[in-house]
Amino acid sequence: MRKFETTLITSGRDQKYTYGAINPIIQRTSSVVFNSIQQKQQAVNNHSTTDKLFYGRYGTITHFSLRQSMTELENGVGCVLYPCGTAAITHTILSFVQPGDHILMTGSAYEPTQKFCRYVLKRMNIDTTWFDPLIGNNISNLIRHNTRLVILESPGSITMEVQNVPSIVQAVRKKKSDIIILLDNTWSAGVFFKALDIGVDVSLQSGTKYIIGHSDGMIGTAVSNARCWDQLQEQSYLMGQMVDADTAYMASRGLRTLYVRLKQHEENGLHVAHWLAQHPAIERVNHPALSACKGHKYFIRDFSGSSGLFSFILKKRLNDLQLSNFINHFKYFKIAYSWGGFESLILVNQIEELRPIRPSGTLDFTGTLVRIHVGLEHPSDLIHDLSDALNRINV
Ligand SMILES: *Cc1c(COP(=O)(O)O)cnc(C)c1O
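Residues numbered from 1 in each chain as written. Predicted model: local features only at pLDDT ≥ 70, side-chain atom pairs only at ≥ 80, totals over all residues. Heavy atoms only, no water.

By the naming in an unreviewed UniProt entry, the chain goes by Cystathionine beta-lyase and is assigned to Candidatus Blochmanniella camponoti. Under Cofactor (unreviewed entry), UniProt gives the following word-for-word description of the chain: "pyridoxal 5'-phosphate". Per UniProt, the comment on the chain under Sequence similarities (unreviewed entry) is "Belongs to the trans-sulfuration enzymes family." (UniProt positions renumbered as here; feature names shortened; annotations may be inferred.)

A few words now on the sheet that holds strand 9 (residues 309-314). Strand order in this open sheet of 5 strands is 8-9-12-11-10, and the pairing throughout is mixed. The sheet is open, and its two edges are formed by strand 8 (282-286) and strand 10 (334-335), each paired on a single side. As paired elements, strand 10 and strand 11 (residues 345-349) share 2 bridges and run parallel to each other. The partner of Lys-334 across the bridge, within strand 11, is Leu-345. Helix 11 (residues 320-327) contacts strand 10, strand 11 and strand 12 (369-373) of the sheet and is inclined by roughly 170° relative to strand 11. (Pairing = 2+ DSSP bridges. Helix = DSSP H or I, 4+ residues; strand = E, 2+ residues; numbered from the N terminus. Contact = heavy atoms within 4.5 Å. Axes fitted to C-alpha atoms, helices over the stretch in contact; angles between N-to-C directions.)

This next bit is on the pattern of salt bridges. For the structure shown, the criterion picks out 13 salt bridges. Residues Asp-364 and Lys-294 are paired through a salt bridge, measuring 3.5 Å at the closest nitrogen-oxygen approach. You can see Asp-364 sitting in the loop between helix 12 (351-354) and strand 12 and its partner Lys-294 sitting in the loop between strand 8 and helix 10 (296-302), a full 70 residues away along the chain. Asp-302 serves as the salt-bridge partner of Arg-301, at 2.8 Å between the closest nitrogen and oxygen. Overall, the relative accessible area of 15% leaves Asp-302 in the buried class. Through salt bridges with shared partners, a single ionic network connects Arg-173, Asp-201 and Arg-227. (Salt bridge = Lys/Arg side-chain N within 4 Å of Asp/Glu carboxyl O. Buried < 20%, exposed > 50% of the residue type's maximum accessible area, 1.4 Å probe, protein only.)

Okay, the site of the ligand next. Residues in close proximity to the ligand total 14 residues, the closest being Gly-85, Thr-86, Asp-184, Thr-208 and Lys-209. Separating a nitrogen atom of the ligand from a side-chain N or O atom of Asp-184 is a distance of 2.6 Å. Thr-208 places a polar side-chain atom, nitrogen or oxygen, 2.6 Å from an oxygen atom of the ligand. By residue number, the principal contributor to the shell around the ligand is helix 5 (residues 85-94), which donates 3 residues. Of the residues in the shell around the ligand, the class split is 5 nonpolar, 6 polar and 3 charged. (Near = heavy atom within 4 Å. Polar contact = N/O pair within 3.5 Å; in protein donor to acceptor, adjacent residues only side chain to side chain. Nonpolar A, V, L, I, M, F, W, Y, C, P; charged D, E, K, R; others polar.)

In this section: the packing of aromatic side chains. One pass over the structure, following the stated rule, counts 10 aromatic pairs. Each ring, one from Phe-299 and one from Phe-303, has its centre 5.2 Å from the other, and the planes form 25°; the classification is stacked. This pair shows no difference in class: Phe-299 is buried, exactly as Phe-303 is. On the basis of an interplanar angle of 70° and a centroid distance of 5.5 Å, the ring pair of Phe-330 and Phe-333 is categorised as edge-to-face. Each of the two residues, Phe-330 as well as Phe-333, counts as buried. Geometry around Tyr-58 places Arg-67 over its ring, the cationic atom sitting 5.0 Å from the centre. (Phe/Tyr/Trp six-rings, centres within 6.5 Å; stacked < 30°, edge-to-face > 60°. Lys NZ or Arg CZ within 6 Å of the ring centre and 35° of its normal.)

With that out of the way, let us pick up the nonpolar core. Counting 49 residues, the largest nonpolar core has Ile-139 and Leu-258 as the members making the most contacts within it. Among the secondary structure elements, those contributing two or more residues to this core are helix 4 (61-73), strand 1 (78-82), strand 4 (147-153), helix 7 (165-175), strand 5 (180-184), helix 9 (245-277) and helix 10. No fewer than three residues from each of domain 1 (4-254) and domain 2 (258-392) sit in this core. Discounting residues that sit within four places of it in the chain, Leu-258 has contacts with Leu-8, Leu-73, Ala-189, Val-191, Tyr-210 and Ile-211. If you look at the next biggest cluster of nonpolar residues, it comprises 28 residues, including Trp-275, Leu-323, Ile-346 and Leu-386. (Core = buried A, V, L, I, M, F, W, Y, C linked by side-chain atoms within 4.5 Å. Domains from an automatic or database assignment.)

In a regular helix each residue adds 1.5 Å, so 13 residues correspond to 18 Å; helix 4 covers 18 Å between its end C-alpha atoms and thus fits that length. The element helix 4 is largely enclosed, with a buried count of 11 among its 13 residues. Taken together, the buried positions of helix 4 are occupied by Ile-61, Thr-62, His-63, Phe-64, Ser-65, Leu-66, Arg-67, Ser-69, Met-70, Thr-71 and Leu-73. Just past helix 4, the residue Asn-75 takes up positive phi, approximately 55°. (Expected span 1.5 Å × (residues − 1).)

In this section: the packing of helix 4 against helix 9. At a minimum axis separation of 9 Å, helix 4 and helix 9 run at an interaxial angle of 35°. When the axes of helix 4 and helix 9 are compared, the crossing they make is left-handed. Residues Thr-62, His-63, Ser-65, Leu-66, Ser-69, Met-70 and Leu-73 of helix 4 lie in contact with helix 9, whose contacting residues are Ala-245, Ala-248, Tyr-249, Ala-251, Ser-252, Leu-255, Arg-256 and Leu-258. Its residues assigned to classes, the contact of helix 4 with helix 9 shows 9 nonpolar, 5 polar and 1 charged. (Left-handed = near helix turned anticlockwise from the far one by under 90°.)

As structure tokens, this is what we get:
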């Protein structure tokens, strides 16, 4: 069997996508012109099962190529594209729920994912229960007769807990086999963690992060197994989910260098994480590959590598002045949301900002939390930058 790196280079580049070029063509269109009423009818009949053009909203050759690549990357049977990661998450959820349903969601989920359940699904009489990301097979106890979805994210946003996904999947399947399991796989980019191989139904990604990889576009992807594919595809289409051909092209282009970029993010990230771990001002480094990170043993067992995003906790809680001194003067780390581009980014969280989005009892620290994305700069420059910042808070 061919190696994964080769698949990333080769996928989505058949003649039918490239027309003799190296890359897939950018086909921008709304209307698709049919030569006869028979051809139109054929396109209608085939619209959800093939790569055949039907209408711009369903995708063009550029989209078909990217969908093919993502499907191969995550070992699914199909991929739906969305305008951003949040749209991928919310519309995948909407594709499967109805009023009266119950959702189980990891308490470490991305904040907007949580808020969608709290403020949108709630209005539709769909209830959500949040659970400790380290729950493992005890998830069985939370399953109700009307539980429809289990939503995982591993590692979790900000606090980086790695979940025991195989154990959760097994316990859910055993208790109620019609539950659909979704997993936000953005951190691993679908490269280091093969969610569908472990039994997850749909792997979601904010392709805005590593797939596009250059902080200049937004896209979301949902790769599904056979069981959920028809419903996910048709329902997302009915909700008008699509992305423009130019952005789809940028995502395909990003895939060609995804593996080498990730390997460098991994190397740089580990270098910086190990340096931070021995710094006297730091209580703990939440990097999945370091033993202090919650769920580290599942990382070792289930992942084949790490990306560049992690967090660390300072021994002390910084006051407002110390916080400004610390964060406002970095040379290379920019203060910004998002991550996954070539550049380093930084954000800070005080404990009270995290409390509303974490189940009670799961936050076991008091110091200020710092989240960083380690980019492709030389790690020694990044370490100097961090060292200067830690000196500014006099510890
Ligand atoms: C950024 C992010 C999202 C949302 O993606 P957008 O493309 O910004 O909508 C979802 N999940 C995780 C884990 C993220 O980091």
